[in-house]
Amino acid sequence: MIAKLFIGLARLWQWGPSAILPPTCRYTPSCSAYAITAWSRYGAFKGSWLALRRILRCHPWGGSGHDPVPLIENE
């Protein structure tokens, strides 16, 4: 239930400010799409942890390119 709330907030971001601002994401998929996938796959807590780690990697000295949500076994 919490994950659905987070997904809704991320969708609002995608349809609102993100649609107006120029694209600046260093990774594909974008951080909001990454977070939505992480919340859908792993729930609110683990998904939030994965999304936060991704956002913290997004800086000028970080990486770039394709970075999908990891498939974590035994979940």
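Keep in mind that what you see is a predicted model, and the values were worked out from it rather than measured. Residue positions are given per chain, counted from 1 along the sequence in the order it is written. The model is predicted, so local features are restricted to residues of pLDDT at least 70 and side-chain atom pairs to those at 80 or more, both for listing and for counting; the totals for chains, interfaces and linings are taken over all residues. Hydrogens and water are ignored here; the side-chain numbers use all heavy atoms of the structure.

Quick look at the nonpolar core now. If you look at the biggest cluster of nonpolar residues, it comprises eight residues: Ala3, Ile7, Ala10, Ala35, Ile36, Trp39, Ala44 and Ala51. Helix and strand labels come from DSSP, where a helix needs a run of H or I of at least four residues and a strand needs a run of E of at least two; each type is numbered from the N terminus. Looking at this core, the elements that each hand over two or more residues are helix 1 (2-15) and helix 3 (31-57). Per-element accounting of this core gives the leading share, five residues, to helix 3. Residue contacts are counted whenever heavy atoms from the two residues lie within 4.5 Å of one another. Those residues in contact with Ala44, other than ones at most four positions away along the chain, are Ile2, Ala3, Phe6 and Trp39. In terms of nonpolar packing, the next biggest core, distinct from the first, is built from five residues, Tyr34, Ala38, Tyr42 and Val69 among them. What is meant by a nonpolar core is a set of buried Ala, Val, Leu, Ile, Met, Phe, Trp, Tyr and Cys residues, joined one to another through side-chain atoms within 4.5 Å. Only protein chains enter the area calculation, which uses a 1.4 Å probe; residues under 20% of their type maximum are buried, those over 50% are exposed, and those in between are partly exposed.

The contact between helix 1 and helix 3 brings their axes to 9 Å, and the two run at 160 degrees. Between helix 1 and helix 3, the crossing angle belongs to the class labelled roughly antiparallel. Pair helix 1 / helix 3 crosses with right-handed handedness. For the pair helix 1 and helix 3, contact is made by Ile2, Ala3, Phe6, Ile7, Ala10, Arg11, Trp13 and Gln14 and by Ser32, Ala33, Ile36, Trp39, Ser40, Gly43, Ala44 and Ser48, respectively. Each residue gets one of three labels, nonpolar for Ala, Val, Leu, Ile, Met, Phe, Trp, Tyr, Cys and Pro, charged for Asp, Glu, Lys and Arg, and polar for the others, Gly among them. The residue makeup of the contact of helix 1 with helix 3, split by class, is 10 nonpolar, five polar and one charged. For helices, the fitted axis covers only the stretch in contact; all axes are lines through C-alpha atoms, and the angles between them, taken along N-to-C directions, range from 0 to 180 degrees. These descriptions rest on fixed angle ranges, namely under 35 degrees for roughly parallel, over 145 for roughly antiparallel, 65 to 115 for roughly perpendicular, and the rest for oblique. Each crossing gets its hand from how the near helix is turned against the far one by less than a right angle, where anticlockwise is left-handed and clockwise is right-handed.

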